[in-house]
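Here are the chains, one letter per residue:
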Amino acid sequence: MDFSVLLTDLPTLVVVIIGVPAVLAAYIVGGEYLVRRLPDKARPSVRPWIWVAPALLLVAGFLVAPAIGTLAQSFEDKNGAFIGFQNFAAQLAGFPTGGAWIAIRNNLFWLIFYTLFVLAFGLLLAVLFDRVPYESVVKSLIFMPMAISSVALVVIWKFMYAYQPPGQPQTGTLNFILNTVFHQDPRTWIQDESPLLGLFPLNDMALIGAAVWGIVGFSLVILSAALKGIPGDLLEAARVDGAGEITIFRRVIFPLMMPTVVVVGTTLVIFALKAFDVVYAMTNGNYHTDVLANRMYQLLYNSHDFGGASAVAVILLLTVIPVLIFNLRQFRAVEARR
Amino acid sequence: MASVTYDHVVKRYTADLTVVKDFNVEIKDKEFMVLVGPSGCGKSTALRMLAGLEAISEGEIRIGDRVVNNVAAKDRDIAMVFQSYALYPHMSVYDNMAFPLQMQHMKKDDIDKRVKNASRILGLDNFLKRKPRALSGGQRQRVALGRAIVRSPKVFLLDEPLSNLDAKLRGQTRIELQKLHRDLQTTFIYVTHDQVEAMTMGDRIAIMNAGILQQVGTPGDIYDHPANLFVAGFIGSPTMNFVPATVDNGTAKASGLEVKLPKPVSAAKGTLGFRPEAVTDRVVEGGPTMKMKVDVVERLGSDQFLYGQVGADQVTARVDPRMSVQPGDTVQLGLDTRGLHFFDAETEKALI
Ligand SMILES: Nc1ncnc2c1ncn2[C@@H]1O[C@H](COP(=O)(O)OP(=O)(O)O)[C@@H](O)[C@H]1O
Ligand SMILES: [Mg+2]
């Protein structure tokens, strides 16, 4: 290997290692020095700003500015000319199958089923594992997929969903089970758009299923912690009061877990709205499985339609923000109750 | 309303961890029974076995004539007040009290009547809509009581219900609980580590130590005739004086005291026990006397306690408050032999 590049970049390295902390230290010392020279009364109101200013600058430079840039771009054409809402109009044209509508529909599916399944499985597993020996081992196993990258997750699930024509040996786990246990023809899980239960495209559900597997450990761990936080006394009191175990879950355990369920739920809603990696790696949005984030990516890097991509980004941002605010409020409420 | 019987009950967590050993008590219908003993002696465990919150390792517990070993907690018709109160934090005071009635599928009107009645008795009328979080400790305690009394259960269990209250409130609540017991006409089983609570509240007291039942009896009985050294030391404040003694020809000899025992005993060695009030400033001619070197004098208005040395032993005396004593004085004191106890050195059982 050629390490000379390291040598030529040495000055940069030195600047980064020594310079950055030095600048920070100088900033803190200098800021504090200036604050000390202020009149006594002004100090308490000025000092916090000195300390948060670097973070504010970073947020402004790397978050707010690009967001504003994206917003501006969503009103421009390829040449940077202002074209009003035309980009948005293009994305929202041709309901129900044109523009971004398929992606919007799929995001809605994700929002409902991904959130619901992850919450339901997480809650179920948390309650079931609560009284199991080796609980932590079992929970670690369920949590494991969280440590895999999404692409690896997709590779695993492509094996699960793999398809061979009927009559040939089925290498995919699901088709093998379908074939040997249920004696049915194999299905092309990630291409088959035929509706499941007459409502939801099978392949959308297959994608959501893979993503659920990847994240269910997250909700399990958090909900399990919430469950453990309920004092045993309360359950005993309910038992003495004449409640059966199911009633206790319904009337005591679940209501007490509700704030946490809401926080996990809204976090999952945000994840669902941002869904990208599983779709990108599994189908790249083909077979009508596209979602907004993937559409944005395709518009940007394949079609070089900056305006269109920005418009999709803005739509996404506008849907996420209310959920985000609700989530933060709820989280604070849970914390305050401790 | 029912009697409760513990019949050779054992609670074992592991092969060598037995926390309740061969427990036998019969609690009569409508009785106020106090289970008292030092922390960790197994009182709560004994109570929780009755409530159905802990499995019974051996023996039988009966409520009335019904053996409840294999009856689920929810079907035992028992109400319990927890030390932590265990109020449902997400329910209002009203709903907390209504919960056990809803579990019985009682009609809404009847529930309302009962909850309102309980809240009136307990002075909770103005707090029915509040969540437990917004209540003081004393109010929470009342809600916990309310949740128990709405049901008119067969048996009413209370596990150290006063220990989270301040001293003044504890005194008041003690009296109110006794009133409640009189009004409800229900069997109460009350667990506490505080011997004052036990003495003041119980129709009868059961004293436990290290998982073993020591003595059952009325407060007066236990105070005057403790069955063994542990009971004698646990009940009464200040505690009974204990001085090691040898017995020779019906006379017990301690380091600073000689007393003719009112009854012959078989043991040659043991512990002489007498309560502070048995030590008097009236020295009877020919009776037992002792010289006390006084270390501390405590005047409480109606009483005066002297703490000092008699021979090699520490002794506490309750004397007339008008007696003038200074720390460092040596005083001559008498002993009322009617309150004399003698405990075997080996078995620690009371021989007198
Ligand atoms: N689940 C348990 N496992 C093992 N030991 C226990 C358990 N619960 C209680 N103990 C032990 O049993 C003993 C009696 O406990 P407890 O009945 O709560 O005492 P008390 O109420 O008299 O203070 C204690 O020494 C306690 O450590
Ligand atoms: Mg206890």
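For clarity, every value in this text was computed on a predicted model and none was experimentally measured.

> Explanation requested: the overall build of chain A in the structure shown.
Assigned secondary structure in chain A consists of 14 helices and 2 strands. Computed over C-alpha atoms, the radius of gyration of chain A comes to 26 Å, more than 25% over the 20 Å expected from 2.2 N^0.38 for 338 residues, which places it beyond the range of a compact globule. Oriented by its inertia axes, the alpha-carbon framework of chain A measures out at about 80 × 65 × 55 Å. The buried share among the 338 residues of chain A stands at 37%. Taking the contacts inside chain A whose residues are at least 6 apart along the sequence as the reference set, 60% of them involve residues at least 24 apart. When the accessible surface of chain A is totalled, it reaches about 19,600 Å², and 72% of it is carbon and sulfur. Once the 21 positive and 20 negative side-chain charges of chain A are each reduced to a mean point, those two points are 10 Å apart.

> Explanation requested: unusual backbone geometry in the structure shown.
Excluding glycine, residues mostly carry a negative phi; peptide bonds, for their part, are mostly trans. The omega angle of the peptide bond from F95 of chain A to P96 of chain A is 10 degrees, so this bond is cis rather than trans. Note the cis peptide between S237 of chain B and P238 of chain B, where omega equals -5 degrees. Within the secondary structure, P238 of chain B is located in the loop between α8 (229-234) and β11 (241-248). Of note in the backbone geometry, Y287 of chain A takes a positive phi value of approximately 55 degrees without being a glycine.

> What should I look at first to understand the site of ligand 1 in this one?
All names here are of chain B. Around ligand 1, the neighbouring residues are Y13, L17, V19, S39, G40, C41, G42, K43, S44 and T45. G40 is positioned such that a nitrogen or oxygen atom in its backbone is 2.6 Å from an oxygen atom of ligand 1. Between ligand 1 and C41, the relevant distance is 3.2 Å, taken from an oxygen atom to a main-chain nitrogen or oxygen of the residue. When residues of the shell around ligand 1 are assigned to their parent elements, the largest contribution, 3 residues, is made by helix α1 (residues 43-51). Of the residues belonging to the shell around ligand 1, the class tally is 4 nonpolar, 5 polar and 1 charged.

> Quick question: what am I supposed to make of the domain arrangement of chain B here?
Note: interface size is frequently given as the accessible area lost on complex formation between the parts. Per the domain assignment, the segments making up chain B are domain 1 (4-227) and domain 2 (238-344). Just the C-alpha atoms count here: the centres of domain 1 of chain B and domain 2 of chain B sit 39 Å apart.

> Which parts of the structure should I look at to understand the environment of A144 of chain B?
All names here are of chain B. Relative to the helices and strands, A144 is located in helix α4 (residues 137-149). Its relative accessible area of 1% is what places A144 among the buried residues. Once the C-alpha coordinates of A144 and M80 are considered, the two residues, 64 residues apart in sequence, prove to be 8.5 Å apart. In this structure, A144 is in contact with V81, Y85 and L87, ignoring residues within four places of it in sequence.

> Is there a simple way to explain the packing of aromatic side chains in this structure?
By the definition in use, this model includes 27 aromatic pairs over all chains. When the centroid spacing of 6.0 Å and the interplanar angle of 45 degrees are considered together, the rings of F218 of chain A and F271 of chain A count as tilted. Taken together, the residues span a long stretch of sequence, with F218 of chain A in helix α9 (residues 202-228) and F271 of chain A in helix α11 (residues 245-273) at a distance of 53 residues. Judged by relative accessible area, F218 of chain A falls into the buried class, the value being 17%. Connected via pairs of aromatic rings, a cluster forms that spans F109, F113, F117, F121 and F200 of chain A. Positioned over the ring face of Y88 of chain B is R147 of chain B, at 4.7 Å from the centre of the ring. Over the ring of Y223 of chain B we find R275 of chain B, and its NZ or CZ is 3.9 Å from the ring centre.

> Looking at this structure, I do not really get the side chain of D344 of chain B. What am I missing?
Residues and elements named next belong to chain B. Examined against the element boundaries, D344 turns out to sit in strand β20 (residues 340-344). Buried D344, no salt bridge; nearest opposite-charge side chain is K349, N-O distance 9.0 Å. Beyond its immediate sequence surroundings of up to four residues, D344 is in contact with A267, K269, G270, K349 and L351.

> Even after reading the chapter, I still don't get helix α5 (residues 167-184) of chain B, so can you show me in this structure?
An α-helical segment advances 3.6 residues per turn. Residues three or four places apart therefore align on the same side. Residue and element names in this part refer to chain B. In this model α5 runs 25 Å from its N-terminal to its C-terminal C-alpha over 18 residues, within 8% of the 26 Å that 1.5 Å per residue would give. Considered for burial, the residues of α5 that qualify are T173, L177, L180 and H181. For α5, the angular spread of buried residues about the axis comes to 95 degrees, placing them on one side. Summarising the geometry of α5, the exposed residues directed more than 90 degrees from the buried face are K168, I175, R182 and D183. Backbone geometry just downstream of α5 places Q185 in the positive-phi region, at approximately 55 degrees.

> Can you walk me through the environment of V19 of chain B in this structure?
Residue and element names in this part refer to chain B. Topologically, V19 is positioned in strand β2 (residues 17-27). Spatially, the C-alpha atom of V19 lies 8.9 Å from that of A46, the residues being 27 residues apart in sequence. In this structure, V19 is in contact with K11, Y13, C41, G42, T45 and G211, ignoring residues within four places of it in sequence.

> Would you explain the pairing of strand β6 (residues 78-81) of chain B in this entry?
On a regular strand, one side chain projects to one face of the sheet and the next to the other, so that they alternate. Residues and elements named next belong to chain B. Neither face of β6 is open: one carries I78 and M80, the other A79 and V81, and all of them are buried. Here 4 bridges tie β6 to strand β7 (residues 155-159), and the two strands are oriented parallel to one another. Residue I78 lies in a different strand from β7, and its bridge partner there is V155.

> What is the right way to read the interface of chain A and chain B from this model?
Chain A puts 17 residues into the contact, and the matching count from chain B is 23 residues. Three residues, V240, D241 and R251 of chain A, lead the burial of chain A against chain B; their summed loss comes to 39% of the area buried on that side. Our count for the contact surface shared by chain A and chain B stands at 3 salt bridges. With its nearest N and O atoms 3.6 Å apart, the salt bridge here joins R147 of chain B to D241 of chain A. Inspection of the region where chain A meets chain B yields 8 residue pairs in polar contact (both at pLDDT 80 or more). When contributions to the side of chain A that touches chain B are tallied by element, the ones reaching two or more residues are α10 (232-240) and α11 of chain A. Per-element accounting of the side of chain A that touches chain B gives the leading share, 7 residues, to α10 of chain A.

The rules we used
Residues numbered from 1 in each chain as written. Chains lettered and ligands numbered in written order. Predicted model: local features only at pLDDT ≥ 70, side-chain atom pairs only at ≥ 80, totals over all residues. Heavy atoms only, no water. Helix = DSSP H or I, 4+ residues; strand = E, 2+ residues; numbered from the N terminus. Rg over C-alpha atoms; globule rule 2.2 N^0.38 Å. Buried < 20%, exposed > 50% of the residue type's maximum accessible area, 1.4 Å probe, protein only. Contact = heavy atoms within 4.5 Å. Areas by Shrake-Rupley, 256 points an atom, 1.4 Å probe, with all protein chains shown as cover. Lys, Arg positive; Asp, Glu negative; His and termini not counted. Charge placed at Lys NZ, Arg CZ, Asp CG, Glu CD. Near = heavy atom within 4 Å. Polar contact = N/O pair within 3.5 Å; in protein donor to acceptor, adjacent residues only side chain to side chain. Nonpolar A, V, L, I, M, F, W, Y, C, P; charged D, E, K, R; others polar. Domains from an automatic or database assignment. Phe/Tyr/Trp six-rings, centres within 6.5 Å; stacked < 30°, edge-to-face > 60°. Lys NZ or Arg CZ within 6 Å of the ring centre and 35° of its normal. Salt bridge = Lys/Arg side-chain N within 4 Å of Asp/Glu carboxyl O. Expected span 1.5 Å × (residues − 1). Arc of directions from axis to C-beta. Pairing = 2+ DSSP bridges. Buried area = accessible area lost by both parts, 1.4 Å probe.

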